[in-house]
Amino acid sequence: MIRNGGKLGLREEIILILRLSVPAILAQLSSIIMQYIDAAMVGRLGANASAAIGLVSSTTWLFGGLTSAAAVGFYVCVAHRIGANDEEGARQIVRGGLVSAFLFSLILMAAGVILCGPLPALMGGAAEIRGDAGAYFLVYALSIPVRALLHTSQGMIQSSGNVRLPSILNVIMCALDVLFNAMFIPRLGVLGAALGTALAYVVIAAVMLYVLLFKSPALSLAGRSDKAFSPREFLAKEMPMSLKIAIPVAIDNIIMGFAYVAFTRIVSPFGTVAVAANSFAITAESLCYMPGYGIGVAATTIIGQCVGARRREEAKRLGWLATILGMLIMGVSGAFMWVFAPQMIGILTPEEDIRRLGAMVLRIEAFAEPLYGASIVAAGVFRGAGETLLSSVLNLVSVWAVRIPLAYYLGSLYGLKGAWLAMCAELSFRGMLFLVRLLLWERKRKTCQREPSPVARGWRIDPWKKL
């Protein structure tokens, strides 16, 4: 209906968001459950093993954010082409986008391999955990190309309107991760956790690429009579728009990635127990905010197709509905997190000191979840519209002007509790910034859609007739 100009009522808009959001939420939850299982399995090995993974986790987020940014630039362009009923143009982006994302991921892989040796010491890790931390990050770095192809192909399939199949494959990946970890962790410890996760990614990336290239009704390349792919034409026409979207997202992810690194660096002097509790609390909290990311994925798909179909008013309404829905769901998940914080941490570790500290900081964070949901979903709305630069600026201001200075100050006074108080304040502030931006975006759209004046339309005005 969006592509063909059909009118959507409020009920239909809500159903559309829910239909796309539920599979995306399940996919995001399965991804976090996979991390949860990894952490729980490694947690049984002791505090040092948990701290080793926690030490480099912020750096893996940084590299993961860069691969995701490359994928976003291409799959948002695919959504715009699908919305404009230009399926052949979308397939040209599939061809060039997969190759470009893979080449970029090779550069990231090389950088990660070089960094894996000195990284644990740079992060301030204790000597007894540096070896495991470096080995874990090395396996992660070697798997970056596979992760890049998975994110890019998954995003392209979702942009075509098929959110369900990628979600099912993500759930299967979670099950494979459990299986492979059960095989490798008892023998190899922390290294086994990295290998198990990487192998699960390899299997699902192969399946996802097969679906995209051979089975997708709109995007499959097999048996098509499209015009020959021209790398020069792709670089001249498609790459600039992809980069316009991807570069601000990449900058945003770098900003956030270095912020996580800085936050971990602030926490690491608090001791091994604090580092492990911080890592486990972040993993546990992820279960609560992943629904917001799922709705954000759905919002990117919907808004991207609305923009491609030139349905600006529809994009505005659906953007607000998705953001409100995200706030409501994350408000409920925040309440859940506050009530069950001890149990959520208890699953991850048998260490009582880590449990107590992790549960305390989780309950602090619960109060920020509704506004955090607003920032997550609104960012997905603007990503679908291809407007990513200002979102990056807002994240930069929020994280580096609020979270890091406040965490440094409060952490020096209250330890890990103070650092998480700073995080809670920053997430709430960021949510308010994005709500204001969404309101201003709506006004901008209204201003742009006003009827031009008679003079602007070229009409001749007779002043005597007016008198």
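For the structure itself, consult the block above.
Residues numbered from 1 in each chain as written. Predicted model: local features only at pLDDT ≥ 70, side-chain atom pairs only at ≥ 80, totals over all residues. Heavy atoms only, no water.

### What to know about helix α14 (residues 389-414)
The criterion, for reference: Numbering of helices and strands runs from the N terminus, with a helix taken as a DSSP run of H or I at least four residues long and a strand as a DSSP run of E at least two residues long. Here a helix's expected span is defined as the number of its residues, less one, multiplied by 1.5 Å. To get the bend at a given residue, fit one axis to the seven residues ending there, fit another to the seven starting there, and take the angle between those axes. Partly exposed residues are those whose accessible area sits between 20% and 50% of the maximum for their type, while under 20% is buried and over 50% is exposed, using a 1.4 Å probe and protein chains only.
Between the first and last C-alpha of α14 there are 35 Å, a value that for 26 residues agrees with the 38 Å anticipated at 1.5 Å per step. Roughly 30° is the biggest bend found in α14, and it falls at valine 399. Among the residues of α14, those classed as buried are Ser391, Ser392, Leu394, Asn395, Ser398, Val399, Val402, Arg403, Ile404, Ala407, Leu410 and Gly411. Positive phi appears at glycine 415, one or two residues downstream of α14, with a value of about 70°.

### Digging into the layout of surface pockets
Selection criterion: Put simply, the grid is 1 Å and covers the protein atoms alone, a cavity is a trapped set of points that fit a 1.4 Å probe, a pocket is an open set with protein on both sides within 12 Å along at least five of seven lines, and lining residues have an atom within 4 Å of a point. Grid points are joined across faces, edges and corners, and a volume is the space filled by probe spheres set on the points. The residue classification treats Ala, Val, Leu, Ile, Met, Phe, Trp, Tyr, Cys and Pro as nonpolar and Asp, Glu, Lys and Arg as charged. All others, Gly included, are polar.
Of the volumes computed, that of the second largest pocket is approximately 210 Å³. Forming the walls of the second largest pocket are 13 residues, and the residues nearest its centre are Ala70, Phe74, Phe104, Leu243 and Ala246. Counting only elements with at least two residues in the lining of the second largest pocket, the list comes to α2 (47-83), α3 (87-115) and α9 (231-267). Ranked by the residues each element gives to the lining of the second largest pocket, the list is headed by α9, at six residues. Its residues assigned to classes, the lining of the second largest pocket shows 11 nonpolar, two polar and no charged.

### A look at empty space enclosed by the protein
Where empty space is left can be seen by rolling a probe of water-molecule size over the atoms. One pass over the full model with this rule turns up two cavities of 30 Å³ or more. Approximately 30 Å³ is the volume found for the second largest cavity. Forming the walls of the second largest cavity are Ile17, Ala299, Ile302, Ile303, Leu318, Gly319, Ala322 and Val381. Contributing elements (two or more residues each) for the lining of the second largest cavity: α10 (272-308) and α11 (312-346). Of the residues that constitute the lining of the second largest cavity, the class distribution is seven nonpolar, one polar and no charged.

### Quick notes on the side chain of threonine 60
This is how it is decided: Here a residue-residue contact requires only that any non-hydrogen atoms of the pair lie within 4.5 Å.
Positionally, threonine 60 belongs in helix α2. Judged by relative accessible area, threonine 60 falls into the buried class, the value being 10%. Not counting the four nearest positions on each side in its chain, threonine 60 is found in contact with Phe137 and Tyr140.

### With respect to the packing of helix α5 (residues 127-142) against helix α8 (residues 190-215)
The following threshold applies: Each axis is a line fitted through C-alpha atoms, and for a helix only the stretch in contact is used; angles between axes span 0 to 180 degrees, taken between their N-to-C directions. In these notes the angle categories are as follows: under 35 degrees is roughly parallel, over 145 is roughly antiparallel, 65 to 115 is roughly perpendicular, and the rest is oblique.
Packing of α5 against α8 brings their axes to within 8 Å, and their N-to-C directions diverge by 10°. One element, α5, and the other, α8, form an angle in the roughly parallel class. For the pair α5 and α8, contact is made by Asp132, Ala135, Tyr136 and Val139 and by Val190, Leu191, Ala193, Ala194, Leu195 and Ala198, respectively. Considered class by class, the residues forming the contact of α5 with α8 number nine nonpolar, no polar and one charged.

### What about the pattern of salt bridges?
We apply this condition: What makes a salt bridge here is a side-chain nitrogen of Lys or Arg within 4 Å of a carboxyl oxygen of Asp or Glu, nothing more.
All chains considered together, the criterion is met by five salt bridges. Residue glutamate 233 pairs with lysine 237 through a salt bridge whose shortest N-O separation is 3.6 Å. Here glutamate 233 pairs with lysine 237, and both are found in helix α9, just four residues apart, close to one helical turn. With relative accessibility at 29%, the residue glutamate 233 sits in the partly exposed group. For aspartate 353, the salt bridge is made with arginine 356, and the minimal N-O distance between the two is 3.4 Å. Taken together, the positions of aspartate 353 and arginine 356, both in helix α12 (residues 352-365) and three residues apart, correspond to about one turn of that helix. Each of Arg403, Glu426 and Arg430 takes part in a single network of salt bridges with overlapping partners.

### Description of the packing of aromatic side chains
Put simply, the rule reads: We call Phe, Tyr and Trp rings a pair once their centres come within 6.5 Å, taking the six-membered ring for Trp, and we label the pair stacked below 30 degrees between planes, edge-to-face above 60, and tilted otherwise. Here, a charge over a ring means that NZ of Lys or CZ of Arg falls within 6 Å of the ring centre while also lying within 35 degrees of the ring normal.
Per the counting criterion, the structure on display carries five aromatic pairs. For the pair phenylalanine 74 and phenylalanine 234, a centre-to-centre distance of 6.3 Å together with 25° between the ring planes defines the contact as stacked. Remark: phenylalanine 234 occurs in helix α9 and phenylalanine 74 occurs in helix α2; sequence separation between them is 160 residues. Pair check on accessibility: phenylalanine 74 and phenylalanine 234 agree, each one buried. Centroid distance phenylalanine 336 to phenylalanine 340: 4.8 Å. Interplanar angle 40°. Geometry classified as tilted. Placement of both phenylalanine 336 and phenylalanine 340 in helix α11 is noted, with a separation of four residues, approximately one turn of the helix. Classification of phenylalanine 336 as partly exposed rests on a relative accessible area of 46%. Judged by relative accessible area, phenylalanine 340 falls into the partly exposed class, the value being 37%. Grouped by ring-pair contacts, the aromatic residues Phe63, Phe137 and Tyr140 constitute a single cluster. In this structure, arginine 363 packs its charged tip against the face of tryptophan 338, placed 4.8 Å from the ring centre. Taking the ring centre of phenylalanine 382 as reference, the NZ or CZ of arginine 437 above it sits at 3.6 Å.

So far we have only geometry, and geometry alone does not tell us how the molecule works.
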